[in-house]
Amino acid sequence: MTYPAATGDSRPVSGAVPAYVEERSAVIDLEAIRHNVRRLAAMASPAQLMAVVKADAYGHGAVPVARAALGAGASWLGVAHISEALALRAAGIEAPLLAWLHTPESNFAAAVAAGIDIGCSGWELQRIVAAARAQERPARVHLKVDTGLGRNGATLNAWDSLVGEAMDYQDQGLLRVVGVFSHLAVADEPDRPETDEQLEAFREVLAIAHDAGVDPEVRHLANTPATLSRPDTHFDLVRVGLGLYGLSPFEGQSSKELGLRPAMTLRTVVSHCKDVPDGQGVSYGLNYRTRGASTLGLIPLGYGDGVPRVATGGPVRVEGVNYPVVGRIAMDQMVIDFGPLHVSAGGRSLLGAEAVLFGDGADGGPTAEDWARAAGTNNYEIVTRISPRVPRRYINEEPDRSAAQDVPAGPRQ
Ligand SMILES: *Cc1c(COP(=O)(O)O)cnc(C)c1O
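Residues numbered from 1 in each chain as written. Predicted model: local features only at pLDDT ≥ 70, side-chain atom pairs only at ≥ 80, totals over all residues. Heavy atoms only, no water.

J.: Describe the site of the ligand, listing the residues and the values that go with them.
T.: In the vicinity of the ligand there are 14 residues, among which Lys 54, Tyr 58, Thr 224, Leu 242 and Tyr 380 approach most closely. For the ligand, a nitrogen atom lies 2.8 Å from a polar atom in the side chain of Arg 239. Tyr 380 places a polar side-chain atom, nitrogen or oxygen, 2.6 Å from an oxygen atom of the ligand. Here the ligand has 390 Å² of accessible area as a free molecule, and 95% of this is covered by the chains. Mapped onto the shell around the ligand, the elements with two or more residues apiece are α3 (54–58), α10 (224–229) and β9 (237–240). (Near = heavy atom within 4 Å. Polar contact = N/O pair within 3.5 Å; in protein donor to acceptor, adjacent residues only side chain to side chain. Areas by Shrake-Rupley, 256 points an atom, 1.4 Å probe, with all protein chains shown as cover. Helix = DSSP H or I, 4+ residues; strand = E, 2+ residues; numbered from the N terminus.)

J.: Go over the nonpolar core with me, naming the residues and quoting the values.
T.: Ranked by internal contacts, the top residues of the largest apolar core, which has 119 residues, are Trp 159, Val 316, Val 318, Met 334, Leu 357, Phe 358 and Trp 371. Broken down by element, the residue count for this core peaks at seven residues, all from helix α2 (residues 30–44). Dropping the residues within four chain positions of it, Trp 371 is found in contact with Val 307, Ala 311, Gly 314, Pro 315, Val 316, Val 325, Ile 329, Met 334, Leu 357, Phe 358 and Ile 382. Formed by six residues, the second largest nonpolar core is a distinct cluster that contains Val 276, Val 282, Leu 298 and Val 335. (Core = buried A, V, L, I, M, F, W, Y, C linked by side-chain atoms within 4.5 Å. Buried < 20%, exposed > 50% of the residue type's maximum accessible area, 1.4 Å probe, protein only. Contact = heavy atoms within 4.5 Å.)

J.: Lay out the domain arrangement of the chain with the relevant residues and their values.
T.: According to the domain assignment, the chain consists of domain 1 (31–244) and domain 2 (264–395). Measuring from the centre of the C-alpha atoms in domain 1 to the corresponding centre in domain 2 gives 39 Å. Opposite the nine residues of domain 1 that make contact, domain 2 presents eight residues. A buried area of about 740 Å², summed over both sides, lies between domain 1 and domain 2, and 62% of it is on carbon and sulfur atoms. Counting the surface domain 1 buries against domain 2, the share from its top three residues, Tyr 58, His 60 and Leu 242, is 59%. Inspection of the region where domain 1 meets domain 2 yields zero salt bridges. The interface formed by domain 1 and domain 2 contains three residue pairs in polar contact (both at pLDDT 80 or more). Each residue belonging to the side of domain 1 that touches domain 2 can be placed in one class, and the counts come to five nonpolar, three polar and one charged. (Domains from an automatic or database assignment. Buried area = accessible area lost by both parts, 1.4 Å probe. Salt bridge = Lys/Arg side-chain N within 4 Å of Asp/Glu carboxyl O. Nonpolar A, V, L, I, M, F, W, Y, C, P; charged D, E, K, R; others polar.)

J.: With reference to specific residues and values, describe the pairing of strand β14 (residues 294–299).
T.: The buried count for β14 comes to six of six residues, which makes it a mostly enclosed element. Here β14 shows two buried faces, one formed by Ser 294, Leu 296 and Leu 298 and the other by Thr 295, Gly 297 and Ile 299. With five bridges joining them, strand β11 (residues 272–276) and β14 adopt antiparallel strand pairing. In the sheet register, Asp 275 faces β14, and the bridge partner there is Thr 295. (Pairing = 2+ DSSP bridges.)

J.: So what's going on with the confidence of the model for the chain? Residues and values would help.
T.: In low-pLDDT segments, the atomic positions of the prediction should not be examined closely. With 93% of its residues at a pLDDT of 70 or more, the chain shows a mean pLDDT of 94. When pLDDT is averaged over each element of the chain, strand β2 (residues 48–52) comes out on top at 99 and helix α1 (residues 19–23) at the bottom at 90. In the predicted structure, residues 1–13 sits below a pLDDT of 50 and forms 30 contacts with residues beyond four places in sequence or in another chain. Note on residues 407–413: pLDDT under 50 across the span, and 11 contacts to partners over four residues away in sequence or across chains. (pLDDT = per-residue confidence, 0-100.)

J.: I'd like a rundown of the environment of Gly 314, residues and numbers included.
T.: Inspection of the secondary structure assignment puts Gly 314 in the loop between β14 and β15 (315–318). Separated by 47 residues in sequence, Gly 314 and Arg 267 place their C-alpha atoms 14 Å apart. If we ignore the near neighbours within four places in the chain, the residues touching Gly 314 are Tyr 323, Pro 324, Val 325, Trp 371 and Ala 374.

J.: Mind laying out the environment of Ala 212, listing which residues take part and the relevant values?
T.: Tracing the chain through its elements places Ala 212 in the loop between α9 (194–211) and β8 (218–220). Its relative accessible area of 38% is what places Ala 212 among the partly exposed residues. C-alpha of Ala 212 to C-alpha of Gly 246: the two residues are 34 residues apart in sequence and 40 Å apart in space. Those residues within four positions of Ala 212 in sequence are excluded, and the remaining contacts are Val 163 and Met 167.

J.: Tell me about the sheet that holds strand β18 (residues 354–358), residues and numbers included.
T.: In space, the nine strands of this open sheet follow the order β11-β14-β17-β16-β15-β18-β10-β1-β19, with mixed pairing throughout. Only two strands of the sheet have a single partner each, and these edge strands are β11 and β19 (392–395). Each neighbouring strand pair of the sheet contributes to a mean axis angle of 35°, computed without reference to strand direction. Two strands pair when backbone bridges link them, and strand β1 (residues 24–29) and β19 are joined in this way by four bridges, in the parallel orientation. Paired with Val 27 across the bridge in β19 is Arg 393. Along the sheet face, α2 touches β1 and β19 and points at about 35° away from the line of β1. (Axes fitted to C-alpha atoms, helices over the stretch in contact; angles between N-to-C directions.)

J.: So what's going on with the packing of aromatic side chains? Residues and values would help.
T.: By convention here, two paired aromatic rings are described through the distance between centres and the angle between planes. Scanning the model with the defined rule gives five aromatic pairs in all. A centroid spacing of 6.3 Å and a plane angle of 75° characterise the contact between Phe 108 and Trp 123, whose relative ring orientation is edge-to-face. Taken together, the residues span a long stretch of sequence, with Phe 108 in helix α6 (residues 108–113) and Trp 123 in the loop between β5 (117–120) and α7 (124–135) at a distance of 15 residues. Overall, the relative accessible area of 4% leaves Phe 108 in the buried class. (Phe/Tyr/Trp six-rings, centres within 6.5 Å; stacked < 30°, edge-to-face > 60°.)

J.: Lay out the packing of α2 against helix α4 (residues 62–71) in plain terms, naming residues and giving numbers.
T.: For the pair α2 and α4, interaxial distance at closest approach is 8 Å and the crossing angle is 45°. With respect to α4, the element α2 is oriented oblique. Of the two elements, α2 crosses α4, and the hand of that crossing is right-handed. Every residue of α4 that contacts α2 at Leu 30, Ile 33, Arg 34 and Val 37 is listed here: Pro 64, Val 65, Ala 68 and Ala 69. When grouped by side-chain class, the residues that make up the contact of α2 with α4 number seven nonpolar, no polar and one charged. (Parallel < 35°, antiparallel > 145°, perpendicular 65-115°, else oblique. Left-handed = near helix turned anticlockwise from the far one by under 90°.)

Shown next, in the form of structure tokens:
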């Protein structure tokens, strides 16, 4: 992808870009989102695709991502919290929308009123029914079973009675069992046997539900890694998060190898560039010292922006070169060592040059995976934790008709 150059005049959006966005931004390429949706939808077909946009679409912006995903062939949206779902409804998004993580404080009445589908592991059922009564409207429920992840979902022991109770309420017109679902624990490690065990358990609970008269619109189990590697887990609907954003869930397999395009570029501009002597200490703790006279570049992003403090060594690309961060990452800033540029003796200063922490990885550019490695975490966390302090800038907001044919069309397009 092309991210906006510091002084480029071929910006893909019209109108002036505010200076504070040029200074520091997470650039979100909505054409990359649409490309990824088309690709994943084609792989999932004939199953439908749910775009998982929880946590502000993994840091990419829930509303613009949801709109782009729906425009490119997603037919459902998924979030963790009812509050996240209500925000999408408030933005005017009317697609089927599931929220699956609740507490006794969750606003089930608002969910029913807004036509939000509610995941139910058991304890929520009474509250959902009370909300349906109060709203005089049947709730839309997806029964969740724990097939091995050990988070929410009914235990296999409790499944019979949950299904029985839910069907009683369905018979009374208080709810409709729209879905049955579960979540996988190790699909990102395709060699492990537990995915098969979870799949078998899921088939068993589906059979029990079927015998109890449940006729769900959608049975769903697969996340991104299972969508990519296990067609036998697709059922009627796949719930895709990471892949939408163009990132690979697999160790040792890149986005490119999967035909996905990373949608977020985290970039800023060099905010100070100065010559320093041999042995100059850098940042709190003075954990790094220059070897020989050198030139330091100051990068105005830090842990207050969601860059992990532990990620010293993470790459920053300036003018085609990836420089590792040296010294400690602070709240607002971090430092790279350019080597001697002799700015004070007439060498060219890199003050104001664009600095990219990660993007689509083209031409050897740094990636979210590089930062994940530096921080001892995964790419999910790197993009999701970029804080609201960093303005999001959207490019390619309108579909490019000529680019819409770059993957085989799924049946939903
Ligand atoms: C987050 C989440 C997903 C999406 O997982 P990815 O690996 O990002 O595709 C799917 N289902 C549930 C229940 C989730 O919590």
